[in-house]
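What the coordinates show
Residue-level listing of the chains:
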Amino acid sequence: MAQAGAAKPVRILVVGAGAVGCFYAARLHNPPYTVVSLVARSNYDAISKRGSVHLKTRSFGEFDYAPASLFRRVEDAAAVPDKWDYVIIATKALPDISDDSALVQPVVAPQTALVLIQNGLGVEAPYRARFPHNVIISGVTVVSAEQTEPGVIVQNRWTRISLGPYTDGIGSKEGRETEGDARTTAFARLLGAGGIKDAEVHPERMLQMVRWHKIAINAAMNPSAVLSFGAGNATMAQDPDASAHLLACMQEVFRGAEAVLGEPLSSKLASAERILESTKRNTDGRPSMLLDWERGAPMELEVILGNPIRLARAKGVEMARLESMYALLKLAQRRRREQESRSRL
Ligand SMILES: NC(=O)c1ccc[n+]([C@@H]2O[C@H](COP(=O)([O-])OP(=O)(O)OC[C@H]3O[C@@H](n4cnc5c(N)ncnc54)[C@H](OP(=O)(O)O)[C@@H]3O)[C@@H](O)[C@H]2O)c1
């Protein structure tokens, strides 16, 4: 009789070994059941030299995560004989700069589920177009994490991640159990085994509502923080004029969401007024777009502003405030790039 072999481990590859990628990789890595490898870029040498990523977390204390394999390029990860069960993409979503769906193509096999843990709207569309038959899991996290030096990740607070299958963005196939639902639930269980107790699984449409809801916050706060010369979230929320602006921005996004999804956002999600109230108390909140601007890195303008504006416009809804901020910041970013290239000459 054939001897039953040990079950094969679940094999996960993380592309985008920054704050979010390393945090969730470290929690998912649970050998011999789940083994997680990394594709690292600027922090490759630091992780390779130490043999691990060092994490300082509020939720799990301080610990090291030694990736099962560390790759410098996606092509190197494609060269290993076993296929990847999950490929997590946790790069910044910058479709104006790079199409990361093409980047991961070499590591995507028919059984590979793609897990996108990124901010923004419409991030899944290029992956759905390139991989029409693969499971795509859309992930929205509220973790507050940063890479303070190469290979050192600090998680300041929260672990929650909302997950849902992605087919066409409006869940037109919802109602019958799909492979996407099953793989999403299985992935959330892996996170649960790693101590992430608030990995929430949603049906596709609800997950898109969570995305729109987070975008209401990001599209209001992030560009406003840059345009106000670095005001933090609480400072803006406490200022009467800035607070009225933030409220109007969030209401624009809520209207856009309703037009695109065909129904208002779930009443389970906080109203714009409640978001503003809690923002007043979050005195250390500084949006990621502001941090990117300050360090001269590209901002996620297309997925936080451009895509919501275009999706809503296609349904006849204009977002005047978002459109103004989008136009101004795109110009600011372009002018800075031009200045930088002139000064290099
Ligand atoms: N940080 C948070 O608390 C937080 C919270 C919620 C949502 N998010 C969202 O999560 C996503 C990731 O954010 P993050 O804060 O983790 O960003 P991050 O720290 O900048 O990490 C992104 C990583 O992706 C890598 N990368 C980019 N392009 C690559 C390529 N072509 N090949 C290999 N590696 C590549 C970057 O490498 P390099 O260092 O070489 O550029 C970097 O290590 C974003 O969409 C963000 O908005 C973040």
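Bear in mind that the values here come from a model prediction, so they are computed numbers and not experimental data.

Looking at the overall build of the chain
- The helix and strand inventory of the chain stands at 13 helices and 12 strands.
- The C-alpha atoms of the chain give 20 Å as radius of gyration, which agrees with the globular expectation for 345 residues (20 Å, within 12%).
- Dimensions along the principal axes, computed over C-alpha positions, put the chain at roughly 75 × 55 × 40 Å.
- Looking at the chain as a whole, 51% of its 345 residues are labelled buried.
- Considering only residue pairs separated by 6 or more positions, the chain has 73% of its internal contacts joining residues 24 or more positions apart.
- By element, 52% of the accessible surface of the chain is carried by carbon and sulfur atoms, the whole surface being about 16,400 Å².
- Counting 42 positive and 37 negative side-chain charges, the chain places the centres of these two groups 2 Å from one another.

So, the packing of aromatic side chains
- With the rule as written, the count across this model stands at four aromatic pairs.
- Each ring, one from Phe 71 and one from Trp 84, has its centre 6.2 Å from the other, and the planes form 90°; the classification is edge-to-face. Taken together, the residues Phe 71 in strand 5 (residues 70–71) and Trp 84 in the loop between helix 3 (74–78) and strand 6 (86–89) connect sequence positions 13 residues apart. The burial state of Phe 71 is the same as that of Trp 84; both residues are buried.

A closer look at the pattern of salt bridges
- Applying the stated criterion across every chain, the model contains 17 salt bridges.
- The partner of Arg 295 in a salt bridge is Asp 292, with the nearest N and O atoms 2.9 Å apart.
- Take Arg 295: its relative accessible area is 59%, and that puts it in the exposed class.
- With relative accessibility at 3%, the residue Asp 292 sits in the buried group.
- Here Arg 313 makes a salt bridge to Glu 318, at a shortest N to O gap of 3.4 Å.

Quick word on the environment of Leu 116
- When you line up the elements, Leu 116 lands in strand 7 (residues 113–117).
- For Leu 116, a relative accessible area of 0% puts it in the buried group.
- For the pair Leu 116 and Gly 139, spaced 23 residues apart in sequence, the C-alpha to C-alpha distance is 5.6 Å.
- When neighbours within four sequence positions are excluded, Leu 116 is seen to be in contact with Ile 89, Val 123, Glu 124, Tyr 127, Ile 136, Ile 137, Ser 138, Gly 139 and Arg 211.

Topic: the UniProt feature "domain: Ketopantoate reductase C-terminal" (unreviewed entry) in the chain
- The UniProt record marks residues 209–332 with the feature "domain: Ketopantoate reductase C-terminal" (unreviewed entry), using the residue numbering of this structure.
- Secondary structure over residues 209–332 splits into 73% helix and 0% strand, and the C-alpha atoms at its two ends are 30 Å apart.

Some remarks on the domain arrangement of the chain
- Along its sequence, the chain is organised into domain 1 (10–202) and domain 2 (207–344).
- A C-alpha centroid distance of 24 Å is found between domain 1 and domain 2.
- Between domain 1 and domain 2, the contact holds 27 residues from the first and 24 residues from the second.
- For the domain 1 and domain 2 pair, buried surface summed over both sides reaches about 2,000 Å², with 57% attributable to carbon and sulfur atoms.
- The largest per-residue losses of area from domain 1 upon contact with domain 2 belong to Lys 92, Asn 119 and Leu 121, which jointly make up 34% of the total buried on that side.
- Counting across the interface, domain 1 meets domain 2 through two salt bridges.
- The salt bridge partner of Arg 211 is Glu 124, with a shortest N-O separation of 3.0 Å.
- Looking at the side of domain 1 that touches domain 2, the elements that each hand over two or more residues are strand 8 (136–141) and strand 11 (161–165).
- Ranked by residues supplied to the side of domain 1 that touches domain 2, first place goes to strand 8 with four residues.
- Looking at side-chain class alone, the side of domain 1 that touches domain 2 contains 12 nonpolar, 11 polar and four charged residues.

Each value, and the rule that gives it
- Residues numbered from 1 in each chain as written.
- Predicted model: local features only at pLDDT ≥ 70, side-chain atom pairs only at ≥ 80, totals over all residues.
- Heavy atoms only, no water.
- Helix = DSSP H or I, 4+ residues; strand = E, 2+ residues; numbered from the N terminus.
- Rg over C-alpha atoms; globule rule 2.2 N^0.38 Å.
- Buried < 20%, exposed > 50% of the residue type's maximum accessible area, 1.4 Å probe, protein only.
- Contact = heavy atoms within 4.5 Å.
- Areas by Shrake-Rupley, 256 points an atom, 1.4 Å probe, with all protein chains shown as cover.
- Lys, Arg positive; Asp, Glu negative; His and termini not counted.
- Charge placed at Lys NZ, Arg CZ, Asp CG, Glu CD.
- Phe/Tyr/Trp six-rings, centres within 6.5 Å; stacked < 30°, edge-to-face > 60°.
- Salt bridge = Lys/Arg side-chain N within 4 Å of Asp/Glu carboxyl O.
- UniProt positions renumbered as here; feature names shortened; annotations may be inferred.
- Domains from an automatic or database assignment.
- Buried area = accessible area lost by both parts, 1.4 Å probe.
- Nonpolar A, V, L, I, M, F, W, Y, C, P; charged D, E, K, R; others polar.

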